[in-house]
Amino acid sequence: VLSKMSKQKTVFVTGGTGYIGSHCIVDLLNEGYEVITIDNLTNSRSGALRRVEEITGKKVTFYQCDLLDGETVHKIFAKHKIDYVIHFAAMKAVGESMQFPLIYYKNNVIGTINLIEAMKANNVYQMVFSSSCTVYGDPEHLPITEDHPTGAVTNVYGRTKYLIEEMLKDLSRAEEKWNIIALRYFNPVGAHPSGRLGEDPTKNFTNLMPYIGQVAIGKKPNLTIFGSDYDTPDGTGVRDYIHVMDLASGHVSALTKLDQEHLKFKPLNLGLGHGISVLEFVKEFERLTKVHIPYEFAGRRIGDVATLVCDGSRGMKELKWQPTRSFQVMCKYRCSQLFSIHPFISGFHLYWDCLA
Ligand code: WQD
């Protein structure tokens, strides 16, 4: 405790106004870290940080900056004394990545190279990288451990995450100083309990939870379920959903781990190890919110796999971290968040239902 108090550490967060970034900054500030963050605001809003500051009562330093603008990134690094980097910034829509591969490679891969160069130039070698279960591709065995082969990825977005992991691994082999944890997230859902932060993309409502939210508040007429013939108990896709606040605390634990050990490059899964199908998801959401979610079945979505469920035990053990929020909590928080972000729509009764 003393060492933590004696010097306030500074974390440079890329993609801090985004879904996972903003929730993580809440935890970092609550744990006493100072936070400098950048975002290009292409799929998020700076208002998220204002709410982060209101929730925590602490200040965040924000620059609107694109990682492709290496010069500005260098300037920001030179201006602050940075201890760690948490690198969230990336484009992440799977379908879009297949349509515009070059934009994805450029943003995600070149953006990361620019970041690494700025880190090196300023003697910062500690990093937590926002990776994804997508690097495992179509799993050869379940649950997925960190030793599962990576690289046989089914979409461009996922390949950028895989390439960045390989790049970071090579870097840590070439230069002894690097200390990197790649957190492979399973499916993050849920929102901050205040209902003031959540998944609030400016475009790209392609993930299941935000889409169900859109249907719940009447912005979309129904959910399309992609695939009813998977080799799963009810034929729909099974995923390992994890609450975003659990994910956030995993990052704080990862910083502590970097302080304690020289890992070079270490990938760790962040997930609960519990699979939920799309149909189970919809039914549970309806039960908790008392809002009907009409759905129709369609063909499989390109690049999707049947089941992604992790063995999360290594991540929990190595990070001394435990996810604590249940699937019910993931759904409830989603509802309160709908209310605060869209206060004038039918999310209102949804909100009270959930709190009741
Ligand atoms: C979940 C399930 C869909 C929308 C993606 C990335 C992954 C990760 C999280 C990164 C699937 C089904 C969805 C809809 C549906 N990390 N679905 N109708 O594809 O598992 O993971 O986001 O950023 O890397 O690939 O998440 O929420 O899109 O889908 O039936 O309208 O819901 O087929 O089975 P996914 P998702």
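Rules used throughout
Residues numbered from 1 in each chain as written. Predicted model: local features only at pLDDT ≥ 70, side-chain atom pairs only at ≥ 80, totals over all residues. Heavy atoms only, no water. Helix = DSSP H or I, 4+ residues; strand = E, 2+ residues; numbered from the N terminus. Rg over C-alpha atoms; globule rule 2.2 N^0.38 Å. Buried < 20%, exposed > 50% of the residue type's maximum accessible area, 1.4 Å probe, protein only. Contact = heavy atoms within 4.5 Å. Lys, Arg positive; Asp, Glu negative; His and termini not counted. Charge placed at Lys NZ, Arg CZ, Asp CG, Glu CD. Near = heavy atom within 4 Å. Polar contact = N/O pair within 3.5 Å; in protein donor to acceptor, adjacent residues only side chain to side chain. Nonpolar A, V, L, I, M, F, W, Y, C, P; charged D, E, K, R; others polar. Pairing = 2+ DSSP bridges. Axes fitted to C-alpha atoms, helices over the stretch in contact; angles between N-to-C directions. Core = buried A, V, L, I, M, F, W, Y, C linked by side-chain atoms within 4.5 Å. Phe/Tyr/Trp six-rings, centres within 6.5 Å; stacked < 30°, edge-to-face > 60°. Salt bridge = Lys/Arg side-chain N within 4 Å of Asp/Glu carboxyl O. Right-handed = clockwise from strand over helix to strand, strands pointing away.

1. Description of the overall build of the protein chain
Logical step 1: Scanning the protein chain from N- to C-terminus turns up 13 helices and 14 strands.
Logical step 2: Taken over C-alpha atoms, the radius of gyration comes to 20 Å for the protein chain, in line with the 21 Å a tight globule of 356 residues would show.
Logical step 3: Each of the three principal axes of the protein chain carries a C-alpha extent, and together these read 55 × 45 × 40 Å.
Logical step 4: Expressed as a percentage of its 356 residues, the buried residues of the protein chain come to 55%.
Logical step 5: Taking the intrachain contacts of the protein chain between residues at least 6 apart in sequence as the baseline, contacts between residues at least 24 apart amount to 80%.
Logical step 6: Each charge sign in the protein chain was given a centre, from 39 positive and 38 negative side chains, and these centres are 5 Å apart.

2. A look at the site of the ligand
Logical step 1: Around the ligand sit 18 residues, and of these Ser132, Leu208, Thr224, Arg239 and Asp304 come closest.
Logical step 2: For the ligand, an oxygen atom lies 2.5 Å from a polar atom in the side chain of Arg239.
Logical step 3: Within the side chain of Arg301, a nitrogen or oxygen atom sits 2.8 Å from an oxygen atom of the ligand.
Logical step 4: Looking at the shell around the ligand element by element, the count peaks at four residues for strand β8 (residues 223–226).
Logical step 5: Each residue belonging to the shell around the ligand can be placed in one class, and the counts come to eight nonpolar, seven polar and three charged.

3. What about the sheet that holds strand β3 (residues 61–64)?
Logical step 1: Pairing in this open sheet of seven strands is parallel, and the strands run β3-β2-β1-β4-β5-β6-β11 from one edge to the other. On the outer flanks of this sheet lie β3 and β11 (265–270), each paired with one strand and no other. When strand polarity is set aside, the average angle formed by the axes of neighbouring strands in this sheet is 20 degrees.
Logical step 2: Where strand β4 (residues 84–87) lies against strand β5 (residues 126–132), three bridges are found, and the strand directions are parallel. Directly across from Ile86, in β5, lies its bridge partner Val128.

4. Comments concerning the sheet that holds strand β14 (residues 307–308)
Logical step 1: Sheet architecture is open: three strands sit in the order β12-β9-β14, paired in mixed fashion. In this open sheet, the two strands that pair with only one neighbour each are β12 (276–277) and β14.
Logical step 2: Relative to β12, strand β9 (residues 238–239) runs antiparallel, the two sharing two bridges. Bridging across to β12, Arg239 finds its partner in Ile276.

5. Remarks on the nonpolar core
Logical step 1: Counting residues in hydrophobic clusters, the biggest one holds 37 residues, and the most contacted among them are Leu28, Leu183 and Leu255.
Logical step 2: Elements with a minimum of two residues in this core: β1 (10–14), α2 (19–30), α3 (47–56), β4, β6 (179–185), α9 (244–260), β11 and α11 (313–319).
Logical step 3: Dropping the residues within four chain positions of it, Leu183 is found in contact with Val128, Phe129, Ser130, Ser131, Ser132, Gly250, His251, Ala254, Leu268, Leu270 and Leu319.
Logical step 4: If you look at the next biggest cluster of nonpolar residues, it comprises 27 residues, including Ile38, Val73, Val124 and Ala182.

6. Topic: the packing of aromatic side chains
Logical step 1: Counted under the stated rule, the structure contains eight aromatic pairs.
Logical step 2: Arranged with centres 4.5 Å apart and planes meeting at 50 degrees, the rings of Phe12 and Phe77 form a pair that is tilted. Taken together, the residues span a long stretch of sequence, with Phe12 in strand β1 and Phe77 in helix α4 (residues 70–79) at a distance of 65 residues.
Logical step 3: Since its relative accessible area comes to 0%, Phe12 is described here as buried.
Logical step 4: Counting every residue linked through ring pairs, the aromatic cluster contains Tyr241, Phe281 and Phe327.

7. Some details on the pattern of salt bridges
Logical step 1: Throughout the structure, instances matching the rule amount to 20 salt bridges.
Logical step 2: Note that Lys120 and Glu175 form a salt bridge whose closest N and O atoms lie 2.6 Å from each other. Taken together, the positions of Lys120 in helix α6 (residues 101–121) and Glu175 in the loop between α7 (156–174) and β6 put the pair 55 residues apart, joining distant regions of the chain.
Logical step 3: Judged by relative accessible area, which is 23%, Glu175 ranks as partly exposed.
Logical step 4: Linking Arg173 and Asp170 is a salt bridge whose minimum nitrogen-to-oxygen distance equals 2.9 Å. With Arg173 and Asp170 both in helix α7, this residue pair falls three residues apart, about one helical turn.
Logical step 5: On the accessibility criterion, Arg173 (57% relative accessible area) is exposed.
Logical step 6: We classify Asp170 as partly exposed; its relative accessible area is 43%.
Logical step 7: One connected set of salt bridges, linked through shared partners, spans Lys257, Glu261, Lys266 and Glu318.

8. Details of the pairing of β6
Logical step 1: With respect to burial, β6 is a largely interior element, seven of its seven residues being buried.
Logical step 2: With burial as the criterion, each face of β6 is covered, one bearing Asn179, Ile181, Leu183 and Tyr185 and the other bearing Ile180, Ala182 and Arg184.
Logical step 3: In the sheet, β5 pairs with β6 via seven bridges, with the strands oriented parallel. Across the sheet, Met127 pairs through a bridge with Ile180, a residue of β6.
Logical step 4: Handedness of the crossover is the feature at issue here: the chain leaves β5, passes through α7, returns alongside β6, and the resulting connection is right-handed.
Logical step 5: Pairing of β6 with β11, which is carried by six bridges, proceeds in the parallel orientation.

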